[in-house]
Amino acid sequence: MTPRVLVLAGGLSHEREVSLKSGRRVLDALRTAGLEAELRDADVSLLPLLAADPPDVAVIALHGAAGEDGSLRGVLDLCGLPYVGGDARAARLAWDKPSAKAVLREHGIPTPDWVALPHERFSELGAMAVLDRIVDRLGMPLVVKPAQGGSGLGTTVVRDPAALPAAMVSCFSYHQTALVERYVPGVDVAVSVLDFGEGPQALPAVEIEPRDGVYDYVARYTAGLTTWHAPARLAPPVATQVADIALAAHQALGLRDLSRVDLIVDPDGQAHVLEVTVAPGMTETSLLPLALQAAGLELGEVFRRLVLRAATRGDQSAGRQAGNAPG
Amino acid sequence: MTVTSSGTTLDDYADRYSQRVQGMTPSEIRALFAVANRPEVVSLAGGSPYVSALPLDAVGEMLGRLAAEHGATTLQYGIGQGTPELRERICEVMALSGIDGEVGASPEDVVVTVGGQQALDLVARLFLDPGDVVIAEGPTYVGALGAFQAAQAQVVHVPMDDQGLIPEALTETIARVAASGRRAKFLYTIPTYQNPAGVTLSEERREQVLDICEQADLLVVEDDPYGQLGFEGEAPAPLRARRRDGVFYLSTFSKTFAPGLRVGWVLAPPAAREKLVMVSEAQILCPSAFAQAAITTYLSTMPWQEQLKSYREIYRERRDALLEALGQLMPEGTTWTRPAGGLFVWATLPSGLDAKAMMPRALNARVAYVPGTGFYADGSGTNELRLNFSFSSPERLREGVRRLAGVVEQELSLRSVFGTLPLDGKRTHE
């Protein structure tokens, strides 16, 4: 029997608009692939709907905390509804950038050196003294970004220590913990990882060339402001290394079905993982759809296969609930 | 879309866009507003009238009859200038503010538009060449800035105080623009219950402003969407009620009846009116016959002045609730205007705060407002913001201010920690 799919999109995060675009695109793709699919917001109407007319599988196109921090996935586990993508525990780990980076480092996967601190530490210890220590340790330039969140929101590349306080304030407007990372110059690439049940596979890397040099929110979602190269213009050994590192990151974080690993390839050809996304964007300017196109795959067919795979997990969901409860 | 080794920008038309639109890009602030309309968020943003106060059953019945009994005309094309019936009703509405036959107002000189926004766009297309200057209050209506900027004009602001536009500053600005070799085509002003500032140009200053413009041979474009929404007595008469020549008068039914119908108008001198009609026909052919019939019937058969009274009472109560909450809850150093009508309060945060940068924190706290920079063409207004009081109940407004006050407190605290507040700007009253 063909599974009925519920696509979840919207939410209350800063990425609501992106999520709605992603959700509608996935919805169209699923319907084109012959599946019965419906789009819903994850609001107070969701649980009554799941109780009254339960779908067979959920596809989470929610960006931001609700879709990516594992909590909604935990609730879907409670409801016994299988979903495409990493489970609650893995999502929670990937969503929190400092936690994810620590796991990557434990697995020997390169990621730029970092410090993560909540805003309270700065007020308790004296912001300037703490910032001085950070600069001493990591050097300049730095990247300041919220410890949780996506789409480049609240992210600043800081080249001058005098600009660091303003970057911290901007970051803390999005989230209470800041991740300050050593800036690695190089080529931005994103590797999408898919697993249809035969082990994770890396799609061709997509290279990102923002017109104005910064891949911020506007550059991400405005056609014309960024040039994307798919596959990335990497020497074959580097491309292989990038794919291997992306797969290693996907596995180290315990992800499944799909993910997107963002990396930077430094001038020596060494790739460093910046972050891993469990609910990759699916908009018309998003990276995973570009990678699919480069690989000759159709979005609808890919999601049809992922949905069928998730549906097979439905019967097992009761057994997983305890381990995956929202934290 | 083909992906090639030379890459794709995902925009096959990038090298074809007109210069007018090349600078138009989405912003993250615009995207943040996707959340603002969710019921979980108290929205002090937006400018929506409280249309739930309308007699919706009666309006619905009226609209049904317009289709069922008069569909052959109401669902047909109309004429570019707008129906004669509506233009007569518009003149009756304007006469209540003193814009009547004695000052040359005639249905012949009214051009019906698709809301006030098309009226602004028409005026921009009629007068503005690239590089021309429009003089406007600072801050001013964001939609007017959009229309003027789309015409590639430059907007130069004149400051206001609690009596509205400052005449001396207007004189200086006109002289400065002239000295720079640019041509100022008109003064764009919202003299009554201004959006976004909520202030009203005083009686005395109205004459001064008109005199200054007349002496400088500067046209006046008077935008008056809110003039009938005063709740502290009568507003001073519009500029157009005082001068027959040199004033183009724009208004709309969006705030006094229903924005969903999209009906506004321009009252223009005869020669310019002919051109306005031609420009409008090229844009939209004709305004919606159905919407015009709806407004005409509403004004002819329903107690619309009573409805206006009802709107005024509701908005006064809401303004009072907002002002009271601001007074009780906002951190020291925040100031705000006290509007005698309209829909908006303009707030100024303590120096050093950035209302736009604070938006994510506000949305995390489930409250939304419009950051001030959008109301200036020159990037001013960093620590200013617009608060709307027409749409939310008094209880929701109080809750919104409670959340906003917390956000401002947190932002002040954080900026204090990181030393990004100016030394002389900490917690001082203006």
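It should be emphasised that the depicted structure is a prediction, and the values quoted were computed from it without experimental measurement.

K.L.:
How should helix α8 (residues 127-138) of chain A be read in this particular structure?
P.N.:
Residue pairs three or four apart in sequence face the same way in an α-helix, which turns once every 3.6 residues. Along its 12 residues, α8 of chain A runs 16 Å from first to last C-alpha, staying within 8% of the 16 Å computed at 1.5 Å per residue. Where α8 of chain A is concerned, the buried positions are Ala127, Leu131 and Ile134 of chain A. Buried residues in α8 of chain A, looked at end-on, bunch into an arc of 55 degrees, giving them a common side. Seen from the open side of α8 of chain A, the exposed residues pointing more than 90 degrees away from its buried face are Ala129, Arg133, Asp136 and Arg137 of chain A. As for α8 of chain A, its buried residues are in contact with β5 (114-118), α7 (119-125), α9 (164-172) and β8 (177-182) of chain A together with α14 (394-417) of chain B.

K.L.:
When you look at the domain arrangement of chain A in this model, what are you seeing that I'm missing?
P.N.:
When the parts of a complex come together, some accessible area is lost, and that lost area is often taken as the interface size. Residues and elements named next belong to chain A. Split into domains, chain A comes out as domain 1 (4-85 + 300-324), domain 2 (114-182) and domain 3 (184-278). Here the C-alpha centroids of domain 1 and domain 2 sit 34 Å apart. At the interface, seven residues of domain 1 touch six residues of domain 2. Tallied by class, residues from the side of domain 1 that touches domain 2 come to two nonpolar, three polar and two charged.

K.L.:
Help me understand the interface of chain A and chain B, please; the structure alone is not making it clear to me.
P.N.:
Each side of the interface is counted separately: chain A has 37 residues, and chain B has 28 residues. Class assignment of the residues belonging to the side of chain A that touches chain B gives a composition of 20 nonpolar, 13 polar and four charged.

K.L.:
Even after reading the chapter, I still don't get the packing of helix α12 (residues 304-329) of chain B against α14 of chain B, so can you show me in this structure?
P.N.:
Residue and element names in this part refer to chain B. Viewed as axis vectors pointing N to C, α12 and α14 meet at an angle of 25 degrees, and their least axial separation amounts to 9 Å. It follows from the interaxial angle that α12 and α14 lie roughly parallel. Where α12 crosses over α14, the two elements pack in a sense that is right-handed. Counting all contacts with α12, which are made through Glu317, Arg318, Ala321, Leu322, Ala325, Leu326 and Leu329, the residues of α14 involved are Pro394, Leu397, Arg398, Val401, Arg402 and Ala405. Residue composition of the contact of α12 with α14, grouped by class: nine nonpolar, no polar and four charged.

K.L.:
Help me understand the nonpolar core in this model?
P.N.:
In a soluble, globular protein the nonpolar side chains are often hidden away together inside. Formed by 114 residues in total, the largest nonpolar core has its most connected members in Val266 and Ile295 of chain B. Looking at this core, the element that brings in the most residues is helix α11 (residues 289-301) of chain B, giving seven residues. If you look at the next biggest cluster of nonpolar residues, it comprises 82 residues, including Ala58, Ile60, Ala61 and Ala246 of chain A.

K.L.:
Sorry, what's going on with helix α4 (residues 71-78) of chain A here?
P.N.:
Leu72, Arg73, Gly74, Leu76 and Asp77 of chain A are the residues of α4 of chain A that are buried. Of the residues one or two after α4 of chain A, Gly80 of chain A is the one with positive phi, at around 70 degrees.

K.L.:
So what exactly am I meant to see when it comes to the sheet that holds strand β10 (residues 335-336) of chain B here?
P.N.:
Backbone hydrogen bonds hold the strands of a sheet together, and the pairing may be parallel or antiparallel. Residue and element names in this part refer to chain B. In space, the four strands of this open sheet follow the order β10-β11-β14-β13, with antiparallel pairing throughout. Each having just a single partner strand, β10 and β13 (370-371) make up the two edges of the open sheet. Both strand β11 (residues 344-348) and strand β14 (residues 384-388) contribute to a ladder of five bridges, which runs antiparallel. Paired with Trp346 across the strands is Arg386, a residue of β14.

So, how was this worked out
- Residues numbered from 1 in each chain as written.
- Chains lettered and ligands numbered in written order.
- Predicted model: local features only at pLDDT ≥ 70, side-chain atom pairs only at ≥ 80, totals over all residues.
- Helix = DSSP H or I, 4+ residues; strand = E, 2+ residues; numbered from the N terminus.
- Expected span 1.5 Å × (residues − 1).
- Buried ≥ 20, exposed ≤ 12 C-beta atoms within 10 Å, placed from the backbone.
- Arc of directions from axis to C-beta.
- Contact = placed C-beta atoms within 7 Å.
- Domains from an automatic or database assignment.
- Nonpolar A, V, L, I, M, F, W, Y, C, P; charged D, E, K, R; others polar.
- Axes fitted to C-alpha atoms, helices over the stretch in contact; angles between N-to-C directions.
- Parallel < 35°, antiparallel > 145°, perpendicular 65-115°, else oblique.
- Left-handed = near helix turned anticlockwise from the far one by under 90°.
- Core = buried A, V, L, I, M, F, W, Y, C linked by C-beta atoms within 7 Å.
- Pairing = 2+ DSSP bridges.

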